[in-house]
Amino acid sequence: MAAKVKKAVIPAAGLGTRFLPFTKSSPKEMLPVVDRPVIQYIIEEAVDAGIEDILVITSRHKKSLEDHFDRLVDLEDALTAKGKTDEVREIRRISEMAQIHFVRQGEALGLGHAIGMAKNHIGGEPFAVLLGDDIMHRSSPVLKGMIAAYEAEQSSVVALMEVPKQDIGSYGCAAATALSDNLVQVSELVEKPDPEVAPSNLAVMGRYVFTPEIFDEIAKTQPGAGGEIQITDAMASLMTYQRMLGFTFTEGRFDTGKKIDYLRAVVELALEREDLGPEFRTILRDIAIREGLVS
Ligand code: G1P
């Protein structure tokens, strides 16, 4: 029977230097977007797409990630005693969403190396990878579509989005040919190419579904761009003997690793909240008028 995608890996071991000084004492994955940390959005996206078992790759000073998904019985009891049943339900839901496991990457050797830490946990199954910086809007079809493509084709799938050519040097870059509406066949992958020589402006966007053979390729991958073991390089080796599909999309992504896009995520997701949206909209309109952005 064709393998189903039930496991996911979330690499969350990075130093988060772009968010200093916040990240001096708190992991960037714990940055709040309204009232929940970025990592919770990522895990909810995975669970929503049918993932049941999640391995988070962390590092030193990231204990708060584990605490967030643990039961907090004292707090549950205190809230229950006060009759705050909605709050109890919400914090308990967080710890019951999926089987969530943690492993530490002792040394920051790169994204490919971090994903490689999941080998024993994943075993011989296909699995998804969700990078911790990107939040996808809950209406996004990307991860669900990628998993459906995997299950139909039994080929690895990577999320791709067009970016302005001058920005491609910040991403993995794919050359590809169209197969159907959202699906392409990837023919070349390069990590952070010089925009002058990049094969396209199609950028890799932090969501992957892999066959387990990716682990063999990671083990053989030498340090690449930035002196780090890159998942993109391991994927390029995998492609020499297995098909690699791309799932293309155009919207619904927030790159919370960038301050400006983090701000956009907070504003847009707060506007959508029933409890905050109406009042926040009024505040935003007042600010826009005061700043001369609208009349
Ligand atoms: C990583 C990947 C890159 C991908 C990017 C997406 O780079 O190596 O291929 O395009 O995430 O956000 P990083 O942003 O960690 O430098």
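Throughout this document, residue positions are counted from 1 along each chain, in the order its sequence is written. In keeping with the model being predicted, local features are shown solely for residues with a pLDDT of at least 70 and side-chain atom pairs are shown and tallied solely at 80 or more, while totals for entire chains, interfaces and linings include all residues. Where side-chain values are given, they derive from all heavy atoms of the structure, hydrogens and water being excluded.

(A) Quick look at the packing of helix α3 (residues 73-81) against helix α4 (residues 85-96). Direction vectors running N to C along α3 and α4 enclose 160 degrees, while the axes themselves pass 8 Å from each other. Between α3 and α4, the angle is such that the two are roughly antiparallel. Crossing angle aside, the handedness with which α3 passes α4 is left-handed. Contact residues: L75, E76, L79 and T80 in α3; E87, V88, I91 and R92 in α4. In this analysis, axes come from line fits to C-alpha atoms, helices being fitted only over the stretch in contact, and the angle between any two N-to-C directions falls in the range 0 to 180 degrees. The way it works is that DSSP assigns letters per residue, a run of H or I at least four long becomes a helix, a run of E at least two long becomes a strand, and they are numbered from the N terminus. Note on terminology: angles under 35 degrees are roughly parallel, angles over 145 are roughly antiparallel, angles of 65 to 115 are roughly perpendicular, and the others are oblique. Should the near helix be turned anticlockwise from the far one by less than a right angle, the crossing is left-handed, and should it be turned clockwise, the crossing is right-handed. Whether two residues are in contact is decided by their heavy atoms, any of which lying within 4.5 Å being enough.

(B) The site of the ligand, seen in detail. Taken together, the residues surrounding the ligand are L111, L131, Y171, G172, E191, K192, V204, G206, Q230 and T232. The term polar contact refers here to a pair of N or O atoms within 3.5 Å; inside protein, the definition further demands a hydrogen-donor-capable atom paired with an acceptor-capable atom, and it admits residues adjacent in sequence only when both atoms are side-chain atoms. In the environment of the ligand, an oxygen atom lies 2.7 Å from a nitrogen or oxygen atom belonging to the backbone of V204. Within the contact set of the ligand, an oxygen atom lies 3.4 Å away from a side-chain nitrogen or oxygen of T232. Using a 1.4 Å probe, the Shrake-Rupley method yields the accessible areas, and only the shown protein chains count as cover for residues. Contact with the protein chains covers 78% of the free accessible surface of the ligand, which is 380 Å². Its residues placed into classes, the shell around the ligand shows four nonpolar, four polar and two charged. Consider each residue's heavy atoms; a residue with any of them within 4 Å of a molecule or strand counts as near. Under the convention adopted here, Pro, Cys and the residues Ala, Val, Leu, Ile, Met, Phe, Trp and Tyr are nonpolar, Asp, Glu, Lys and Arg are charged, and Gly plus all remaining residues are polar.

(C) View of the environment of E125. Note on placement: E125 falls in the loop between α6 (119-122) and β6 (127-130). Here E125 is in contact with K7 and P212, once residues within four sequence places are set aside. Reaching out from E125, the side chain makes a polar contact with the side chain of K7 at a distance of 3.3 Å.

(D) Molecular detail of unusual backbone geometry. Residue P21 follows L20 across a cis peptide bond; omega there is 5 degrees. Residue position: P21 is located in the loop between β1 (7-11) and β2 (32-33). In this model, V34 sits at a positive phi of 65 degrees, which is unusual for a non-glycine residue. Positionally, V34 belongs in the loop between β2 and β3 (36-37). Positive phi, normally seen in glycine, also occurs at H61, with a value near 65 degrees. Considering the arrangement of structural elements, one finds H61 in the loop between β4 (53-58) and α2 (63-68).

Limitation: the analysis is restricted to geometry and does not speak to function.
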